[in-house]
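Commentary on secondary and tertiary structure
Next come the chains, spelled out residue by residue.
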Amino acid sequence: MAWNEPGGNNDKDPWGGNRGNDGPPDLDEVIRNFQNKISGLFGGKGGGNGTNNGRNEGGFNGTILIFALVVVAIIYVFAGIYQVDQKERAVVLHLGKYSETKGPGLHWNPPLIDSVSKVDSLSLQEWSTGQQMLTKDLNIVDIRMSVQYSRIDPKAYLLEVRDPEMSLQQAANSALRHVVGSSPMHNVLTEGREQIAVEVRELLQLYLDNYKTGINVDKVNIEEADPPKEVQSAFDDVSKAREDEERLQNEAQTYANGIIPKARGEAQRVIEQATAYKEQVIAQAEGEAKRFEYLLAEYKKAPEVTRRRLYIDTVQEVMENSSKVMVDVEGGNNMFYMPLDQIVKATRTSTAKAATPQDVDAIVDQVMNQLRSEAAAQQSRRRELR
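Bear in mind the structure is a predicted one, so any value in this text is a computation, not a measurement.

The next point concerns the overall build of the protein. Each helix and strand in the protein was counted, giving 10 helices and 10 strands. The buried share of the protein, reckoned over its 386 residues, is 22%. Taking contacts inside the protein between residues at least 6 apart in sequence as the whole, the part at least 24 apart equals 58%.

Take a look at the structure:
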């Protein structure tokens, strides 16, 4: 008979030793007592007064129950463990009510009591759309736009709006239509695209903030802006005409920039010449008037001498501008005529044909000798008269 069967010697251990009353309690007995108590709680047969089959049946059921409870506890504990990535945030709801937002790391929350929802709050998301829209000047344009955004507020993203992504799309379409509808077609298709993108982003962010979506718009790009395909050729003609207009305006402006300063410079030169001539005439008139005053004073002192001096100066001035020379020679009223103009003309002609330095020197010597002889004769006549 085994040591632990009913009716056996319970004072002995499996190895033949005597347990005694003062030793530690038997482990099987402790487990059996605990199983009996559990079986009693659930209506099973427990206690030490039952039959052998009853004790075996109660022990088997209690072991399964304990094992099941332990497994359930372990599964419950492990089910509440979760990890949050670096770019994510975890929103925790305690019995359906917001509790907290947890950052990256390993966390635990009791399942069935707390619910955890992870939100990617750092990565940039992108959404694109392409539509036909009406501009301010009642023209139709095809626009393709992309929106880059991030979920900066996980709580608002999950709890404030039922479908924040759909709200973003509808708000983006509304903002784009508002801005394009307030702009002329030329700005939408050409240099105004960047400004339109900035205005759309500001208006879209205002909408999303009012909706409390927890979304932040990082950038809006107007990727394409073209007229409808049905009028593409006509639009190309208009664009070419506009380019020609701008080119002609630039050429005209360049010509104006060149001719206007030149005309202004010429006008300034004429003004300065007129001013200089005016000052010269005034100064000359004032000088002549002053000279006449001095001459009048001298004339009053010696009228005859002054008159003769004026005559001589006048004759000298006239003769200096004349090409003919009249020389008074001895013999009464005979005058010697020296045709300097003809001599100079002949000299120029001969020089143009075959003039040499020797010929020029000979002509000069001839004229000088003739003048010297005439001057000597005139001086001799004056001596004789004296």
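All right, on to the packing of helix H7 (residues 232–301) against helix H8 (residues 303–320) then. At their nearest, the axes of H7 and H8 sit 5 Å apart, and the two run at 130 degrees to each other. Relative to H8, H7 is oriented oblique. For the pair formed by H7 and H8, the contact residues are Leu295, Glu298, Tyr299, Lys300 and Lys301 on the first element and Pro303, Thr306, Arg307 and Leu310 on the second. Looking at side-chain class alone, the contact of H7 with H8 contains 4 nonpolar, 1 polar and 4 charged residues.

This next bit is on the packing of aromatic side chains. What the rule picks out here adds up to 0 aromatic pairs. Above the plane of the ring of Tyr98 lies Lys155, whose end atom (NZ or CZ) is 4.5 Å from the centre.

A sheet is described by the order of its strands in space; here 3 strands give the open sequence S3-S2-S5, paired in antiparallel fashion. Only two strands of the sheet have a single neighbouring strand rather than two, namely strand S3 (97–102) and strand S5 (114–120). Taking the axes of each pair of neighbouring strands and ignoring which way they run, one obtains an average angle of 25 degrees across the sheet. Where strand S2 (residues 88–94) and S3 come together, 5 bridges link them in antiparallel fashion. Each residue of the ladder has a partner; that of Val92, found in S3, is Glu100.

As a further point, take the confidence of the model for the protein. Averaged over all residues, the pLDDT of the protein equals 79, while 71% of them reach at least 70. Between the elements of the protein, mean pLDDT differs from a low of 54, seen in strand S10 (residues 335–338), to a high of 94, seen in helix H4 (residues 164–181). Note that residues 10–21 has pLDDT below 50 and, in this model, 17 contacts with residues that lie over four places away or in other chains. Here residues 44–56 scores under 50 on pLDDT; set against residues more than four positions off or in separate chains, the count is 12 contacts.

We now examine H4. Look at H4: 25 Å from first C-alpha to last across 18 residues, which is about the 26 Å you get at 1.5 Å a residue. Three or more residues of H4 are buried, namely Pro164, Glu165, Ser167, Leu168, Ala171, Ala172, Asn173, Ala175, Leu176, Val179 and Val180. For H4, the secondary structure elements touched by its buried residues are strand S6 (125–134), strand S7 (140–151), helix H3 (154–159), helix H5 (185–189), helix H6 (193–211) and strand S8 (215–226).

Taken N-terminus to C-terminus, the directions of H4 and H6 make an angle of 140 degrees; their axes are 9 Å apart at the nearest point. Looking at the two axes, H4 sits oblique to H6. Every pair of crossing elements has a handedness; the one defined by H4 and H6 is right-handed. Every residue of H6 that contacts H4 at Ser167, Leu168, Ala171, Ala172, Ser174, Ala175, Leu176, His178 and Val179 is listed here: Ile196, Glu199, Val200, Leu203, Leu204, Tyr207, Leu208 and Tyr211. Broken down by class, the residue content of the contact of H4 with H6 amounts to 13 nonpolar, 3 polar and 1 charged.

So, on to the sheet that holds S6. One open sheet holds the 3 strands; their spatial order is S6-S7-S8, and the pairing between them is antiparallel. With partners counted over all chains shown, the strands left at the sheet margins are S6 and S8, one partner each. Strand-to-strand twist in this sheet, taken as the mean axis angle between neighbours without regard to direction, amounts to 20 degrees. Direction of pairing for S6 relative to S7: antiparallel, over a ladder of 10 bridges.

Bringing the side chain of Thr213 into the picture now. Within the secondary structure, Thr213 is located in the loop between H6 and S8. Taking relative accessible area as the criterion, Thr213 reaches 0% and is therefore assigned buried. Apart from residues no more than four positions distant in its own chain, Thr213 is found in contact with Ala156, Tyr157, Val161, Pro164, Ser167 and Leu208.

Counting 31 residues, the largest nonpolar core has Ile143, Met145, Val147, Leu176, Val200 and Leu204 as the members making the most contacts within it. Listing elements by their share of this core, those giving two or more residues are S6, S7, H4, H5, H6 and S8. Sort the elements by how many residues they give to this core and H4 lands first, with 7 residues.

A separate point is a negative patch on the surface. Judged by side-chain charge, Glu191, Glu243, Asp244, Glu245 and Glu246 come together as a negatively charged surface patch. With respect to the secondary-structure elements, Glu246 resides in helix H7. Assessed through its relative accessible area of 43%, Glu246 is described here as partly exposed.

Time to look at a nonpolar patch on the surface. On the surface, a nonpolar cluster with roughly 1200 Å² of combined accessible area is contributed by Ile66, Val70, Ile74, Tyr76, Val77, Phe78, Ile81, Leu95, Leu106, Trp108, Leu112 and Ile113. Where the nonpolar patch is concerned, the elements lending two or more residues are helix H2 (52–79) and strand S4 (105–108). Per-element tally for the nonpolar patch: the top contributor is H2, with 6 residues.

Quick look at the side chain of Ser150 now. Summarising the element assignment, Ser150 is placed in strand S7. The residues touching Ser150, leaving out its near neighbours within four places in the chain, are Ser121, Ser123, Leu124, Gly214, Ile215 and Asn216.

Calculation rules
Throughout this description, residue numbers start from 1 for each chain and increase along the sequence as written. pLDDT decides what is reported in this predicted model: residues at 70 or higher carry local features, side-chain atom pairs at 80 or more are listed and counted, and totals for whole chains, interfaces and linings draw on all residues regardless. In computing side-chain properties, one takes all heavy atoms of the structure into account and sets aside hydrogens as well as water. Numbering goes from the N terminus for both helices and strands, where a helix is a DSSP run of H or I of at least four residues and a strand is a run of E of at least two. Per-residue accessibility, obtained with a 1.4 Å probe over protein chains only, is compared with the maximum for each type, and a residue is labelled buried under 20%, exposed over 50%, and partly exposed between these values. Whether two residues are in contact is decided by their heavy atoms: any pair within 4.5 Å suffices. Axis lines are fitted through C-alpha atoms, for helices just across the contact stretch, and the angle between N-to-C directions can take any value from 0 to 180 degrees. The labels follow the angle: roughly parallel below 35 degrees, roughly antiparallel above 145, roughly perpendicular from 65 to 115, and oblique for the rest. Gly counts as polar in this scheme, as do all residues outside two lists: the nonpolar Ala, Val, Leu, Ile, Met, Phe, Trp, Tyr, Cys and Pro, and the charged Asp, Glu, Lys and Arg. Note on aromatic pairs: the rings of Phe, Tyr and Trp (six-membered ring only in Trp) are paired at centre separations within 6.5 Å, and the planes decide the class, stacked below 30 degrees, edge-to-face beyond 60, tilted for the rest. Placement of a positive charge over a ring is assigned whenever Lys NZ or Arg CZ falls within 6 Å of the ring centre and within 35 degrees of the normal to the ring plane. Two strands qualify as a pair provided DSSP detects at least 2 bridges between them. You can read pLDDT as the predictor saying how much it trusts each residue, on a scale of 0 to 100. To estimate the expected span of a helix, subtract one from its residue number and multiply by 1.5 Å. For any pair of crossing helices, the crossing counts as left-handed if the nearer helix is rotated counterclockwise from the farther one by less than a right angle, and right-handed if it is rotated clockwise. Definition used in this section: a nonpolar core is a set of buried Ala, Val, Leu, Ile, Met, Phe, Trp, Tyr and Cys residues joined via side-chain atoms within 4.5 Å. Residues enter patches when they are more than 30% accessible in relative terms and free of salt bridges; like-charged ones are connected within 9 Å and nonpolar ones (Val, Leu, Ile, Met, Phe, Trp, Tyr) within 5 Å. Accessible surface is estimated by sampling points in the Shrake-Rupley manner with a 1.4 Å probe; for residues, cover comes only from the protein chains shown. For salt bridges, the criterion is a side-chain nitrogen of Lys or Arg within 4 Å of an Asp or Glu carboxyl oxygen. We count Lys and Arg on the positive side and Asp and Glu on the negative side, and we leave His and both chain ends out. The atoms used to mark charge sites are NZ of Lys, CZ of Arg, CG of Asp and CD of Glu.

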